[in-house]
Amino acid sequence: MASPWDNLTLAFSDMSMFPFFDVAHYLVSVMALKRQPGSVAVAWKNPVSSWFTAMLHCFGGGILSCVLLAEPPLTFLANNTNVLLASSIWYIIFFCPNDLVSQGYSFLPVQLLAAGMKEVTRTWKIVGGIKHANSYYKNGWMVMIAIGWARGNVNSAGGSIITHFEQFVKGSWKPQGDEWLKMSYPAKVTLMGSIIFTLQHSEHLAIARHNLMFLYTLFLVVAKIIMMTSETATVPFASFEDTLNRIFFGWQQQFLPSEEKSKIKSSFSDTGSSTSKAVAGTSDKVKKKSTKKTE
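Please read these numbers as outputs of a predicted model, since none were measured by experiment.

Rules behind the numbers
- Residues numbered from 1 in each chain as written.
- Predicted model: local features only at pLDDT ≥ 70, side-chain atom pairs only at ≥ 80, totals over all residues.
- Heavy atoms only, no water.
- Buried < 20%, exposed > 50% of the residue type's maximum accessible area, 1.4 Å probe, protein only.
- Helix = DSSP H or I, 4+ residues; strand = E, 2+ residues; numbered from the N terminus.
- Arc of directions from axis to C-beta.
- Contact = heavy atoms within 4.5 Å.
- Lys, Arg positive; Asp, Glu negative; His and termini not counted.
- Salt bridge = Lys/Arg side-chain N within 4 Å of Asp/Glu carboxyl O.
- Expected span 1.5 Å × (residues − 1).
- Patch = residues over 30% accessible without salt bridge, like charges linked within 9 Å, V, L, I, M, F, W, Y side chains within 5 Å.
- Areas by Shrake-Rupley, 256 points an atom, 1.4 Å probe, with all protein chains shown as cover.
- pLDDT = per-residue confidence, 0-100.

Novice: Tell me about helix H1 (residues 4-13), residues and numbers included.
Specialist: What H1 keeps buried is the set Thr9, Phe12 and Ser13. End-on view of H1: buried residues confined to an arc of 95 degrees, all on one side of the axis. At its buried positions, H1 is contacted by helix H7 (108-136) and helix H11 (209-229).

Novice: Which residues make up the side chain of Asp22, and what are the values?
Specialist: Within the fold, Asp22 resides in helix H2 (residues 20-34). Here Asp22 sits buried without a salt bridge, and the closest side chain of opposite charge, Lys125, lies 5.3 Å off (N-O distance). When residues no more than four places from it in sequence are discounted, the contact partners of Asp22 are Met17, Asn82 and Leu85.

Novice: Explain the pattern of salt bridges to me, using residue names and the numbers behind them.
Specialist: Counting across every chain of the model gives two salt bridges. Among the salt bridges present, the one from Asp99 reaches Lys34, with a minimum N-O distance of 2.6 Å. With Asp99 in the loop between helix H5 (80-95) and helix H6 (100-105) and Lys34 in helix H2, the pair connects residues that are 65 residues apart, well separated along the chain.

Novice: Kindly report on helix H8 (residues 141-152), identifying the contributing residues and their values.
Specialist: In a regular helix each residue adds 1.5 Å, so twelve residues correspond to 16 Å; H8 covers 16 Å between its end C-alpha atoms and thus fits that length. Three or more residues of H8 are buried, namely Met144, Ile145, Ile147, Gly148, Trp149, Ala150, Arg151 and Gly152.

Novice: Go over a nonpolar patch on the surface, please, and point to the residues and values.
Specialist: The grouping of Phe240, Leu244, Ile247, Phe248 and Phe249 at the surface amounts to a nonpolar patch, some 560 Å² of accessible area in total. Among the secondary structure elements, Phe248 is positioned in helix H12 (residues 238-249). Among the residues examined, Phe248 registers a relative accessible area of 53% and is labelled exposed.

Novice: Report on the confidence of the model for the protein chain, specifying residues and quantitative values.
Specialist: Detailed reading of the predicted model is not advised wherever pLDDT is low. Residue-level pLDDT values for the protein chain average 82, and 74% of them are 70 or greater. Within the protein chain, helix H14 (residues 274-294) has the poorest average pLDDT of any element, 44, and H5 the best, 96. Taken as a whole, residues 271-295 scores under 50 in pLDDT and shows eleven contacts with residues more than four places along the chain or in a different chain.

Novice: I'd like a rundown of unusual backbone geometry, residues and numbers included.
Specialist: Residue Pro19 follows Phe18 across a cis peptide bond; omega there is 0 degrees. Within the fold, Pro19 resides in the loop between H1 and H2. Phi at Asn98 is positive, roughly 60 degrees, even though this residue is not glycine. Note on placement: Asn98 falls in the loop between H5 and H6. Phi at Glu203 takes a positive value of approximately 65 degrees, unusual for a residue other than glycine. Within the fold, Glu203 resides in the loop between helix H10 (185-201) and H11.

And the structure:
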């Protein structure tokens, strides 16, 4: 007889993402697009371009995984229901009278609920990507990790890489924000999840899939809520990254001169706090702009 814990995790793993969790994912993705400078003006002047960019934000991970597996990149258009649902979310966000949807989304409880539900979809996309890659390459670890990472990064590596291509075509691409050059927290946590679920799928991790899905999703949701409520951009495992850097890549410091040691130490300390520095830099720019306006 199954225990109450197994019943809970099994029911959780069998939960369908359509329609409520998919709606939350589309809502968060399109709202992130709307916050970009000039996106509202583009939607009014060129709705087709805005809609296409919104679809890249919503289905970017799936498109990237199809490209990596040499599948048609427009496979996502075959799911008419999800495309129509995402298109409806895009329409009401950009063209709702009095901007009611954006005003309702501005409340913190609504943002927490939508962001938490979006993190749930991340787990399902990682698991689905690993299964899909395993059907092509049996026990191909690297392929499974790559596809799980690409599909799970709905609005990070997978989505942003596709949107960076779209920006490159329009001539507005900047290499400073590329996920390949500077991975964000969602990209890192999705890569970690892809590795863990690949080990579980290949039976090298002694844990049931439904238990791992529940625990990993719980970690994602709790970490996301803490980061949003505390308004911090610090990566939860930044200290763990710094420790690994010092263990595996910092052993050469003892053979270097003292001046180079200080430089390396400063670079190690900057790796964990790069995101917070970027936030501080943007706030300083805003302050400078406001002072210039007042002058």
